[in-house]
Amino acid sequence: MKSVNRRDFLKLSGSTVIGLTLGSVALHAKAQEQLSVEDPTAKALNYTPASTVEGAQCANCMYVQGDEGEQHRPCNIFPNKLVNAEGWCSAWVKKPS
Ligand code: SF4
């Protein structure tokens, strides 16, 4: 097995850092996209941007992220997508108050 000398290790670490940086930029850009009801996971979880379930919407779900009051927010169940604060899906769980 080839041993990794210090220089190789530093090269490796450098490219990993660049990769991670570019990766998070891409992630950030993608996170602006709103979740479509046509998305396969959205369909599987019956996501709707306008909840019809009394008292349950993305804004008060424990999986929602981002800032209170934002219309479109990230959600842990749908990585890199934004869900409607007034939406709902079957993964909804009341946010602990
Ligand atoms: Fe909305 Fe479902 Fe995400 Fe909860 S899990 S925030 S209900 S999309």
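Since this is a predicted model, take the numbers as computed values, not measurements.

Caption draft 1: Highlighting the site of the ligand. Close to the ligand lie Y47, C58, C61, Y63, V64, C75, I77, F78, V83, W88, C89 and W92, which account for all nearby residues. A class-by-class count of the residues in the shell around the ligand yields 12 nonpolar, no polar and no charged.

Caption draft 2: Highlighting the pattern of salt bridges. All told, the structure shown has 4 salt bridges when counted by the stated rule. A salt bridge links E33 to K81; the nearest nitrogen and oxygen atoms lie 2.8 Å apart. One end of the pair, E33, is in the loop between helix 1 (6-30) and helix 2 (40-44); the other, K81, is in strand 2 (residues 78-84), and 48 residues separate them in sequence. By relative accessible area, E33 is classed as partly exposed at 43%. Between K43 and E38 there is a salt bridge, with the nearest N and O atoms lying 3.3 Å from each other.

Caption draft 3: Up close: the nonpolar core. Membership of the largest hydrophobic core is limited to 10 residues, which are L35, A42, Y47, C58, V64, C75, F78, V83, C89 and A91. Setting aside anything within four residues of it in sequence, one finds C75 in contact with Y63, V64, K81 and V83.

Caption draft 4: Just the pairing of strand 1 (residues 72-75), in detail. Summarising the sheet, strand 1 and strand 2 pair through 4 bridges and their orientation is antiparallel. Bridge assignment links R73 to a residue of strand 2, and that residue is V83. Linking strand 1 to strand 2, which pair antiparallel, is a turn of 2 residues.

Caption draft 5: Focus on the environment of Q57. Mapped onto the fold, Q57 is located in the loop between helix 2 and strand 1. Sequence separation between Q57 and W92 is 35 residues, and the spatial gap between their C-alpha atoms is 7.6 Å. In contact with Q57, other than residues within four places in its own chain, are S51, A85, E86, G87 and W92.

Calculation notes
Residues numbered from 1 in each chain as written. Predicted model: local features only at pLDDT ≥ 70, side-chain atom pairs only at ≥ 80, totals over all residues. Heavy atoms only, no water. Near = heavy atom within 4 Å. Nonpolar A, V, L, I, M, F, W, Y, C, P; charged D, E, K, R; others polar. Salt bridge = Lys/Arg side-chain N within 4 Å of Asp/Glu carboxyl O. Helix = DSSP H or I, 4+ residues; strand = E, 2+ residues; numbered from the N terminus. Buried < 20%, exposed > 50% of the residue type's maximum accessible area, 1.4 Å probe, protein only. Core = buried A, V, L, I, M, F, W, Y, C linked by side-chain atoms within 4.5 Å. Contact = heavy atoms within 4.5 Å. Pairing = 2+ DSSP bridges.

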